[in-house]
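Chain by chain, the residues:
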Amino acid sequence: MIPGVHAPAHDRGAWTRAFAWSGLRLVLLGVFSMSAMAVGLGGCKHGPTTAELRGAEYVIRKVEFEGVERFDDAELHEYLELRPQQRLPPRRYWFYEGLIPIDSEQIVALYHAYGHFAAKVVDVRVERIERSGKRRDKVDLTYVIDEGPVTRVEAVELRWPGGPPVGPSQAERSAAFARAPSVEPTDIAELVSIEVNDRFEVPAMTSSAAAVRERLRRAGYPYATVEHQARVDPEALTARVAFDVRPGPFMRIGAIEITGLETVPERPVRVELERTIGKPYSPALVEQIEQRIYALGVFSTVTIDRHPSDLADVELDADQTGTLDLHVAVKESDPQRIRVGVGLGFEPNRWDQRVSARYSHENLFHALYRLRLTARAGYAELPNLIRPQAHGPFAELDLHTEKKGLLEKHLVWTLEPKLELGIEQGYQYWSSQHRFGLSRFFTRWLQLRLNHTLRYVNFFSISPTLQTQDTFLSLDFRDPYVISSVGLGATVFAVDQIAAPNQGAVLGVDYRVAGGPFGGQYDYQELTPFVRLYWRPIERLQLAARARVGLIFPFGNQPGAPIDLRQYLGGTDSVRGWGLRRLAPRVDDCEPGQSYRDGSCTSIPIGGNTSVLANVELRVRTWKQLWVAGFVDGGDVQAGIASFAPAEWNYSAGGGLRYDTPIGKFRLDVGVRLNDTPLSAGEPIWALHFGLGESF
């Protein structure tokens, strides 16, 4: 009998027989399995398949149904032991005649759950297909079903035996960018998906009860229970549905006990948790606590238990609210990791082969100092390995150190020295860079950043074109150069989770000033406002969008920005119908009589002072960790200052694949240009990109 459904006495025999058949099915399958194991242990040579040893001779080809209107064939197949062979992933099912009664009872039980209490399997036709040679014999099955009349809902009642929820109001439970769920009885009633005159369906009744219970628990009522029942009148073909809701007391997070610490100091762990104390208890908040502890990077497991676990042990104050203490049990992981890998990179205008190694330590000096040393080296061909017009080595040595809690418990300090050897179209370079930064979260939503960067760049193998062009952008080409800049940033994270958001918006702005009072050989300011939007209506589907504007304002006695730090678009993370950094003002690197537009020579991107970028992407999970994506990108780069030319904006569209792995999400995209603009002359109409992680 389905829980919560009261069937008439004369129907209870059918329910009993269904469960009896279920038990018989388990016994039969167990006998089949043990027989196969016994025969299999008799020898190690290759022989018949396991299914053949069980006595099966036929592979099931098709399973069809007659008289069915309520379900699709695929829905019914999910409840059968005798299923048709499937193609993706490939799998065969063998025919056992003794399973036909079991599957017939499964079908009848399914119809009962969906309000067809008179449904029955009238006949099962078996058509054997004998095949010559070594090919497997096959069988087709046809179930003839009489669905009978459907039972409809006569009444729906939501009852509060102990009264409606008590505790703080919705406004008192809400926070910035996080409106607390309403627990008003009228709002709770809207969660019930069953209405009068609807088909009576047990799954709809149980899902409604689960939705009410989840709403209450998210609102701070962890002991909420919802009991559901239905009284069915088989003669009138009606059902009366009732939900008994007991919200229990409103609870807040109380004391937090941490156990399992060995080398990790307790204070920084408590700093991550202190903001949750006193907040309304909810499963989502407990999950946030777990994520914050894991984010420290030094624990392999985190388990959170609540105390008291039973409602009878809860002590309430005068406002009929209580506190739940949390016990956090952790297990430390090895703080040191070494990763070594090889890789290939390919863009329409650049191929490279590389090796990389990374050493990281998440708990240096047993004080949660974080250190990451990354080394990369490889060789690049521009535009590709088959027709290289420029080629050379590249390398990078990057040290990242981080410490949270110096001077102030929420302040994060970073130090990032870096050495680099690189190659771009028109030049090669080596550089050294030193960056020192501070960042802090104010509440969960707002992050402020401050950093200083000192950068030295020395160019070599420079194309004569860059030294002879008489343009605004190339007049400020200096070799070598030193730049000193200070950056400020602010970001609002109005999302469900910061690391990999599924819902919400990220808004921010970055500002940088170089030169002037900070010294160096370039004077300019850079302003970059941006916004990212995420929407995930169901688990398998996500819609993401991004918009960004980049503005460079030269000033002072040495106005301009260096060629490698100007505005560029194109590549795997921006406008994907273009090659890497190709969507930008360019100069032809040609001999007299040659032209880049006919392919007889190349051109060198020199960047611009104004950029605009927009992306919209739809991501769909198709199978396990495999995602399919479709996207539309748009953007433009202009040489002028705060110069926007919408008529010249460049658009592209395409699709790609993503696959989640333990080391990250691998991404393959194909983008196609949708329009022609002054910057697109001579450029390929499509581009292929391979990357790691989402583009935004």
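See the structure printed just above.
Residues numbered from 1 in each chain as written. Predicted model: local features only at pLDDT ≥ 70, side-chain atom pairs only at ≥ 80, totals over all residues. Heavy atoms only, no water.

## Some remarks on the overall build of the chain
Helices and strands together make up the secondary structure of the chain, namely 11 helices and 28 strands. Residues counted as buried form 43% of the 696 residues belonging to the chain. In the chain, 62% of the contacts between residues at least 6 apart in sequence involve partners at least 24 apart. (Helix = DSSP H or I, 4+ residues; strand = E, 2+ residues; numbered from the N terminus. Buried < 20%, exposed > 50% of the residue type's maximum accessible area, 1.4 Å probe, protein only. Contact = heavy atoms within 4.5 Å.)

## Comments concerning the packing of aromatic side chains
In this structure the tally under the stated criterion is 15 aromatic pairs. With a centroid separation of 6.1 Å and an interplanar angle of 20°, the aromatic rings of F346 and F690 are classed as stacked. On the criterion of sequence distance, the pair formed by F346 in strand β11 (residues 336–347) and F690 in strand β28 (residues 686–692) is long-range, its members being 344 residues apart. What makes F346 partly exposed here is its relative accessible area of 28%. Their ring planes at 85° and their centres at 5.2 Å tell us that Y427 and F459 sit as a pair that is edge-to-face. With a gap of 32 residues between them, Y427 in strand β16 (residues 427–442) and F459 in strand β17 (residues 446–460) connect regions that are remote in the sequence. Taking relative accessible area as the criterion, F459 reaches 4% and is therefore assigned buried. Grouping aromatic residues by their ring pairs yields a cluster made of Y427, Y429, F459, Y481 and Y522. Positioned above the aromatic ring of Y58, the side-chain terminus of R128 is 5.5 Å from the ring centre. The aromatic ring of F394 is capped on one face by R350, whose charged end is 5.6 Å from the ring centroid. (Phe/Tyr/Trp six-rings, centres within 6.5 Å; stacked < 30°, edge-to-face > 60°. Lys NZ or Arg CZ within 6 Å of the ring centre and 35° of its normal.)

## Some points on the nonpolar core
One finds F65, Y143 and F200 to be the most contacted residues of the largest nonpolar core, which totals 53 residues. Looking at this core, the elements with two or more residues in it are β2 (58–66), α4 (100–113), β4 (137–146), α7 (202–218), β6 (225–233) and β7 (238–246). Judged by nonpolar contacts, the second largest core, of 28 residues, contains Y427, F459, I462 and Y522. (Core = buried A, V, L, I, M, F, W, Y, C linked by side-chain atoms within 4.5 Å.)

## What to know about the sheet that holds β2
Taken in spatial order, the three strands of this open sheet run β2-β4-β3, and their pairing is mixed. The outermost strands of the open sheet, each flanked by one partner alone, are β2 and β3 (120–129). Pairs of neighbouring strands in the sheet enclose a mean axial angle of 20°, with direction left out of account. As judged from the eight bridges shared by β2 and β4, these two strands associate in the parallel manner. (Pairing = 2+ DSSP bridges. Axes fitted to C-alpha atoms, helices over the stretch in contact; angles between N-to-C directions.)

## Concerning the sheet that holds strand β10 (residues 321–332)
Strand order in the open sheet formed by three strands is β8-β10-β9, with mixed pairing between adjacent strands. Among the strands making up the open sheet, the edge pair consists of β8 (250–259) and β9 (299–307). Looking at each pair of strands side by side, their axes are set apart by 25° on average, direction ignored. Where β9 and β10 come together, eight bridges link them in antiparallel fashion. Along β10, the bridge assignment pairs T303 with A329.

## Some remarks on the pairing of strand β18 (residues 481–495)
As paired strands, β17 and β18 are joined by 12 bridges and run antiparallel to one another. In the strand pairing of β18, L450 is matched with L488. Sheet topology note: the β18/strand β19 (residues 504–514) ladder contains 11 bridges and is antiparallel. Its bridge partner lying in β19, V492 is registered against L507.

## Considering the environment of I685
Mapped onto the elements of the fold, I685 is located in the loop between β27 (664–673) and β28. With 33 residues separating them in the primary sequence, I685 and S652 have C-alpha atoms 9.3 Å apart. Ignoring anything within four residues of it in the chain, the contact list for I685 reads G577, G671, V672 and R673.

## Notes on the side chain of S208
With respect to the secondary-structure elements, S208 resides in helix α7. We classify S208 as buried; its relative accessible area is 1%.

## Focus: the side chain of K138
In this structure, K138 sits in strand β4. One buried charged residue, K138, forms no salt bridge at all, with the nearest opposite charge on D140 at 8.0 Å. Residues contacting K138, with those up to four places away along its chain left out, are Y58, V59, R61, Q85, E127, R128, I129 and R131. (Lys, Arg positive; Asp, Glu negative; His and termini not counted. Salt bridge = Lys/Arg side-chain N within 4 Å of Asp/Glu carboxyl O.)

## Focus on a nonpolar patch on the surface
Nonpolar side chains collect at one region of the surface, where V628, L657, Y659, I663, F666, L668, F690 and L692 lie side by side and expose about 680 Å² of accessible area between them. Among the elements of the structure, β26 (650–661), β27 and β28 are those that each provide at least two residues to the nonpolar patch. Overall, the relative accessible area of 35% leaves V628 in the partly exposed class. (Patch = residues over 30% accessible without salt bridge, like charges linked within 9 Å, V, L, I, M, F, W, Y side chains within 5 Å. Areas by Shrake-Rupley, 256 points an atom, 1.4 Å probe, with all protein chains shown as cover.)

## Quick notes on a positive patch on the surface
Where like charges cluster on the molecular surface, the positive patch consists of R337, R339, R358 and R372. Turning to its location among the elements, R339 is positioned in strand β11. (Charge placed at Lys NZ, Arg CZ, Asp CG, Glu CD.)

## Considering the pairing of strand β24 (residues 610–623)
With 11 bridges connecting them, strand β21 (residues 541–554) and β24 associate as antiparallel partners. Considered in β24, the bridge of Q542 is made with R619. Bridge count for β24 against strand β25 (residues 626–638) is 13 bridges, and the pairing is antiparallel. Bridging from a neighbouring strand, L618 pairs with G630 of β25. Hairpin connection, β24 to β25: the antiparallel pair is bridged by two residues, and K624 has positive phi, about 50°.

## Some details on the pattern of salt bridges
Between side chains of opposite charge, a pair can form as their charged atoms come close. In the structure shown here, the tally under the stated rule is 41 salt bridges. Salt-bridge contacts for R455 lead to D564; the nearest nitrogen and oxygen are separated by 2.7 Å. Remark: D564 occurs in the loop between β21 and β22 (586–589) and R455 occurs in strand β17; sequence separation between them is 109 residues. Each of the two residues, R455 as well as D564, counts as buried. One salt bridge connects R658 with D669, and the closest N-O pair in it is separated by 2.6 Å. Of the two residues, R658 is situated in strand β26 and D669 in strand β27; the sequence distance between them amounts to 11 residues. For the pair formed by R658 and D669, the shared burial category is buried. Connected through salt bridges with shared partners, the residues D573, R576, E617, R619, D633, R658, D660, K665, R667, D669 and E694 form a single ionic network.

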